[in-house]
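Per-entry structural report
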Amino acid sequence: MNPTDNTEDSKTRRGFLGATAALGSIALAGCMGDDGSDDAMSTTEQTESPTAMPTEEPTEQTTEAPMPAPDVPILNYALTLEHLENAFYRDGLEEFSDDELMNADVLSEFGDRIRMEVPDYLRTVGAHEAAHVSALTDTVEALNGTPVEEGEYNFGYTTPTEFFQVAMALENTGVAAYAGAAPQVVNNDILAAAAGIHSVEARHAGFLNMVNGETPFPDVVDEAQSIDEVLEIAGQFVTSEVDPSVYETDDSRPEPDRTVEDDTSDLDVLNYALTLEHLENAFYRDGLEEFSDDELMNADVLSEFGDRVRMNVPDHLRTVGEHEAAHVQAITDTVNELGGDPVEEAEYDFGYETPSEFFGVARALENTGVAAYKGAAPTVSNDAVFNAAIGIHSVEARHANFLNELNGMSPFPNGVDEPQTMEEVTEIAGQFIVQN
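Here the residue numbering is sequential within each chain, running from 1 through the sequence in written order. For a predicted model such as this one, the threshold for reporting local features is a pLDDT of at least 70, and the threshold for listing and counting side-chain atom pairs is 80 or more; totals across whole chains, interfaces and linings nevertheless cover every residue. The side-chain numbers reported here are obtained from all heavy atoms of the structure, hydrogens and water having been left aside.

Some points on the overall build of the chain
Across its full length, the chain carries 14 helices and two strands. Only protein chains enter the accessibility calculation, which uses a 1.4 Å probe. A residue is then buried if its area is under 20% of the maximum for its type, exposed if over 50%, and partly exposed in between. Out of the 436 residues belonging to the chain, those deemed buried represent 50%. Any two residues whose heavy atoms approach within 4.5 Å at even a single point are treated as in contact. Counting contacts in the chain only where the partners sit at least 6 residues apart, residues at least 24 apart contribute 87% of the total. Using a 1.4 Å probe, the Shrake-Rupley method yields the accessible areas, and only the shown protein chains count as cover for residues. Counting only carbon and sulfur atoms, one obtains 47% of the accessible surface of the chain, whose full area is about 20400 Å². For the purposes of this entry, the term helix denotes a DSSP run of H or I that reaches at least four residues, the term strand denotes a run of E that reaches at least two, and both are numbered from the N terminus.

Comments concerning helix α3 (residues 72–95)
An α-helical segment advances 3.6 residues per turn. Residues three or four places apart therefore align on the same side. The terminal C-alpha atoms of α3 lie 34 Å apart, and with 24 residues this matches the ideal 34 Å at 1.5 Å per residue to within 8%. Burial analysis of α3 places 19 of its 24 residues in the buried class, which makes it a mostly covered element. The span expected for a helix works out to 1.5 Å for each residue beyond the first.

Describing a negative patch on the surface
For patch building, the residue pool is restricted to those with more than 30% relative accessible area and no salt bridge; the joining distance is 9 Å between like charges and 5 Å between nonpolar side chains (Val, Leu, Ile, Met, Phe, Trp, Tyr). Any carboxyl oxygen of Asp or Glu that lies within 4 Å of a side-chain nitrogen of Lys or Arg is treated as forming a salt bridge with it. Counting rule for charge: Lys and Arg are taken as positive, Asp and Glu as negative, and neither His nor the chain ends is counted. In this description, the location of a charge corresponds to atom NZ of lysine, CZ of arginine, CG of aspartate or CD of glutamate. Negative charge collects at one region of the surface, where Asp262, Asp263, Asp268, Glu423, Glu424 and Glu427 lie side by side. Among the structural elements, Glu424 can be located in helix α14 (residues 422–430).

Looking at the packing of aromatic side chains
Two aromatic rings from Phe, Tyr or Trp, using only the six-membered ring of Trp, form a pair when their centres are within 6.5 Å; if the ring planes differ by under 30 degrees the pair is stacked, by over 60 it is edge-to-face, and anything between is tilted. This model, assessed by the stated rule, comprises 28 aromatic pairs. Consider the rings of Phe217 and Phe402, whose centres lie 5.7 Å apart with planes at 80°: the pair is edge-to-face. Note that Phe217 is positioned in the loop between α7 (188–211) and α8 (227–234) and Phe402 in helix α13 (residues 383–406), a separation of 185 residues in sequence. A residue is classified by how much of its surface remains accessible, and Phe402, at 2% relative accessible area, is buried.

Let's talk about the packing of α3 against helix α6 (residues 160–181)
Geometry is summarised by axes, namely lines fitted to C-alpha atoms with helices restricted to the contacting stretch, and by angles between N-to-C directions that run from 0 to 180 degrees. Between α3 and α6, whose axes approach to 11 Å, the crossing angle comes to 165°. Viewed along their axes, α3 and α6 adopt a mutual orientation that is roughly antiparallel. Crossing geometry of α3 relative to α6 is assigned as left-handed. Taken together, the residues of α6 that come into contact with α3 (itself represented by Ile74, Tyr77, Ala78, Leu81, Glu82, Leu84, Glu85, Phe88, Tyr89 and Gly92) are Phe163, Val166, Ala167, Leu170, Glu171, Ala177, Tyr178 and Ala181. Polarity classes work like this: nonpolar for Ala, Val, Leu, Ile, Met, Phe, Trp, Tyr, Cys and Pro, charged for Asp, Glu, Lys and Arg, and polar for all others, with Gly in that last group. Tallied by class, the residues present in the contact of α3 with α6 amount to 14 nonpolar, one polar and three charged. Roughly parallel refers to an angle under 35 degrees, roughly antiparallel to one over 145, roughly perpendicular to one between 65 and 115, and oblique to any angle outside these ranges. Should the near helix be turned anticlockwise from the far one by less than a right angle, the crossing is left-handed, and should it be turned clockwise, the crossing is right-handed.

Some words on the nonpolar core
Phe88, Phe155, Phe164, Val211, Phe283, Phe350 and Phe359 are the most contacted members of the largest nonpolar core, which totals 106 residues. When residues no more than four places from it in sequence are discounted, the contact partners of Phe88 are Phe155, Tyr157, Phe163, Val166, Ala167 and Leu170. In this structure, Val175, Ala202, Val370 and Ala397 belong to the second largest nonpolar core, which totals six residues. To define a nonpolar core, start from buried Ala, Val, Leu, Ile, Met, Phe, Trp, Tyr and Cys residues and group those joined through side-chain atoms within 4.5 Å.

Examining unusual backbone geometry
The phi angle of most residues is negative, glycine excepted, and most peptide bonds adopt the trans form. Positive phi values are uncommon outside glycine, yet Asn144 reaches one of about 70°. For Asn144, a relative accessible area of 22% corresponds to the partly exposed category.

Some details on the pattern of salt bridges
A side chain with one charge can pair with a side chain of the opposite charge if their charged atoms come near. Taken as a whole, this structure holds 17 salt bridges when the rule is applied. In this structure, the salt-bridge partner of Asp112 is Arg115, at a minimum N-O distance of 2.4 Å. Residue Asp112 and its partner Arg115 are located together in helix α5 (residues 112–142), separated by three residues, close to a single helical turn. Here Arg115 falls in the buried class, since its relative accessible area comes to 18%. Between Arg318 and Asp293 there is a salt bridge, with the nearest N and O atoms lying 3.0 Å from each other. Taken together, the residues Arg318 in helix α11 (residues 307–337) and Asp293 in helix α10 (residues 293–297) connect sequence positions 25 residues apart. Given a relative accessible area of 30%, Arg318 falls into the partly exposed group. Where salt bridges share partners, they join Arg90, Asp91 and Glu150 into one cluster.

Things to note about the packing of α7 against α13
One way to put it is that α7 packs onto α13 with a least axis distance of 8 Å and a crossing angle of 45°. Classified by the angle between their axes, α7 and α13 sit oblique to one another. The two elements α7 and α13 cross, and the hand of that crossing is right-handed. For the pair α7 and α13, contact is made by Leu191, Ala195, His198, Ser199, Ala202, Arg203, Ala205, Gly206, Phe207, Asn209 and Met210 and by Phe386, Ile390, His393, Ser394, Ala397, Arg398, Ala400, Asn401, Phe402, Asn404 and Glu405, respectively. Of the residues assigned to the contact of α7 with α13, the class counts are 11 nonpolar, eight polar and three charged.

What about α7?
Here α7 contains 24 residues, and its C-alpha end-to-end distance of 35 Å stays within 8% of the 34 Å for a straight helix at 1.5 Å per residue. With respect to burial, α7 is a largely interior element, 21 of its 24 residues being buried. Two N or O atoms form a polar contact when they lie within 3.5 Å of each other; inside protein one atom must be a possible hydrogen donor and the other a possible acceptor, and for residues adjacent in sequence the pair counts only when both atoms belong to side chains. Of the residues flanking the start of α7, the one acting as N-cap is Asn187, its side-chain oxygen 2.8 Å from the backbone nitrogen of Asp189. One or two residues past the end of α7 sits Gly213, with phi positive at roughly 80°.

A look at the environment of Val343
Here Val343 is to be found in the loop between α11 and β1 (347–348). Taking relative accessible area as the criterion, Val343 reaches 29% and is therefore assigned partly exposed. Along the sequence, Val343 and Thr332 sit 11 residues apart, while their C-alpha atoms lie 8.1 Å from each other. Residues in contact with Val343, not counting those within four places in the same chain, are Asn271, Leu274, Thr275 and His278.

Digging into the environment of Glu423
Take Glu423: it is sitting in helix α14. For Glu423, a relative accessible area of 60% gives the class exposed. With 51 residues separating them along the chain, Glu423 and Ala372 place their C-alpha atoms 9.9 Å apart.

Take a look at the structure:
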């Protein structure tokens, strides 16, 4: 399947409109005072003379500049990284032709299917980064801040292979950066939108890992990096002056309050996540027992892939299965530590009969997992639980990227991943559960 048909650019723009709206919709909330009043937008009242004597000329009414919302420094930090990535893809795709990219030494062991997809996939990634820049810039302005501007960069690559290697480093750094910054976000609408970008960065990273000969999903939980750590990495490519004060947060900024206006507790969210992880764990465990490596490698859905991709599939699926099993254990332990009762594994019927059908269900489950974590993570109040959930969220996105690719779909179909509610996800999961 060609990753970009004639409507791909319009799909990318349409897919990102929702994210821009989500980010833009918080402008009013960000301009409001902590109690919901519009104090930040008020003007100073005209003062009267203490002698009550009229002045010869009326006193001019002055307007105070609105204070930036507390999340502006975090948004500018994200914008700095998105500028970096946007410039990287924009300039690199101007420098290298499609033929040069497809024939890069690092891709020499891949078949035609992957090599021919690469240029269009890179253009899609570049379009995502450009859209992230636009949305973040608009949001910073809407929240009364001054957006950081694009800098000057030297990425150091001279060959297409080096370009791919730098791309991999940038995308994985982006995943760690969003994971590290997310717990500091005050506005829950911003947090939800950031989580959707975070998982898309993970999809990008998974694909770039694969074409560089690395595993698409190296960790059970993606690690976070601090702002200082990420800026040190980014600084290796930035040749212009950087003002670090734009990323500084005020000590008086409010603490994040990741809550929802219902009685959903952290234990509820954890057991919800555990229900999904049980489902995925059972799916891979049972499927990998049912199908041999040869059956998986020779699945009809993989017929257009070269030996490099097909031979790696069984081991990659075992890794995914190990991740899901580890998620089950970690969430179960956490529920126990918080005094709850972990939900148990149910009985399932996944409905597949062939390896190709197995791959199709795997893709559906992983993409549902991404949407589920995005929808639920911003409601988790416990910081440690939230940090772990964000790290699992991006790993699910890495899995989804890989399964999308195997099923002939774009690894990263949207500029921002969409959430699903608990009710929506539970309904999907219920199609496979035959007994609780």
